[in-house]
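Each chain, written out:
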Amino acid sequence: MDVNSYIIIGVILAVILLILIKGLPMRGLQYLSQGIVKVLIGALILFFINIFGANFGLHIPINLFTTVISGFLGIPGVASLFAIHFILLP
């Protein structure tokens with residue numbers, strides 16, 4: 001990871017920490033923070049799936065599109081990414 005990645009991760013963690021400590025009174029920022037948390041959870045889900053799926057030859061790239069799909073849609077989103085991987089990318 002280069003320096004820019006560490007800066008981005010640090011800013012995201014600082015924002016999450018600020019949200020957890022201070023709370024956000026405005027509705028729009030609350031939705032934004034929930035979206036950011038869902039995208040981060042989606043990235044973690046894909047990360048662990050890639051770790052365990054490496055034994056079976058399964059690799060789903062971690063990018064903004066796949067993390068949004070897995071974060072907002074949950075298990076059905078991950079299942080759709082698996083289907084896309086197996087059907088469209090033989």
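Everything discussed here concerns the structure shown above.
Residues numbered from 1 in each chain as written. Predicted model: local features only at pLDDT ≥ 70, side-chain atom pairs only at ≥ 80, totals over all residues. Heavy atoms only, no water.

Student: Is there a simple way to think about the nonpolar core in this case?
Tutor: Among soluble globular proteins, nonpolar side chains are generally buried collectively. By size, the foremost hydrophobic cluster in this structure holds seven residues: L46, I49, L58, I60, I69, V78 and L81. Residue assignment for this core shows that the elements contributing at least two residues are α2 (27–53) and α4 (75–88). Not counting the four nearest positions on each side in its chain, L81 is found in contact with L46, I60, T66, I69 and S70. (Core = buried A, V, L, I, M, F, W, Y, C linked by side-chain atoms within 4.5 Å. Buried < 20%, exposed > 50% of the residue type's maximum accessible area, 1.4 Å probe, protein only. Helix = DSSP H or I, 4+ residues; strand = E, 2+ residues; numbered from the N terminus. Contact = heavy atoms within 4.5 Å.)

Student: Looking at this structure, how should I read the layout of surface pockets?
Tutor: Gaps left between atoms are located by rolling a probe of water-molecule size over the structure's atoms. Put simply, the largest pocket is a space of about 330 Å³. As for the largest pocket, its lining consists of 13 residues, of which V39, L40, A43, L44 and T67 are closest to the centre. For the lining of the largest pocket, the elements supplying multiple residues, two or more each, are α1 (3–22), α2 and α3 (64–73). With seven residues, α2 is the largest single contributor of residues to the lining of the largest pocket. For the lining of the largest pocket, the per-class residue count stands at 11 nonpolar, two polar and no charged. (1 Å grid on protein atoms, 1.4 Å probe; cavity = no way out; pocket = protein on both sides within 12 Å on 5 of 7 lines; lining within 4 Å. Points joined across faces, edges and corners; volume = space filled by probe spheres on them. Nonpolar A, V, L, I, M, F, W, Y, C, P; charged D, E, K, R; others polar.)

Student: Just to check I follow, could you spell out α3 for this structure?
Tutor: Each turn of an α-helix holds 3.6 residues, which means side chains three or four residues apart point in the same direction. For α3, the set of buried residues is T66, T67, I69, S70 and G71. A side-chain oxygen of the first residue of α3 lies 3.2 Å from the backbone nitrogen of F65; this N-cap is N63. (Polar contact = N/O pair within 3.5 Å; in protein donor to acceptor, adjacent residues only side chain to side chain.)

Student: What is the right way to look at the environment of L58 in this model?
Tutor: Within the secondary structure, L58 sits in the loop between α2 and α3. Residues within four places of L58 in sequence aside, it is in contact with I49, N50, G53, F82, H85 and F86.

Student: Hey, could you run me through the packing of aromatic side chains in this one?
Tutor: Aromatic ring pairs: the centre-centre distance and the angle between the two ring planes describe each pair. On inspection of all chains with the given rule, the structure shows one aromatic pair. Taking the centre distance of 5.5 Å and the plane angle of 70° together, the rings of F47 and F48 count as edge-to-face. On the basis of relative accessibility, which here comes to 42%, the residue F47 falls in the partly exposed class. Residue F48 is classed as partly exposed on the basis of its relative accessible area, which comes to 43%. (Phe/Tyr/Trp six-rings, centres within 6.5 Å; stacked < 30°, edge-to-face > 60°.)

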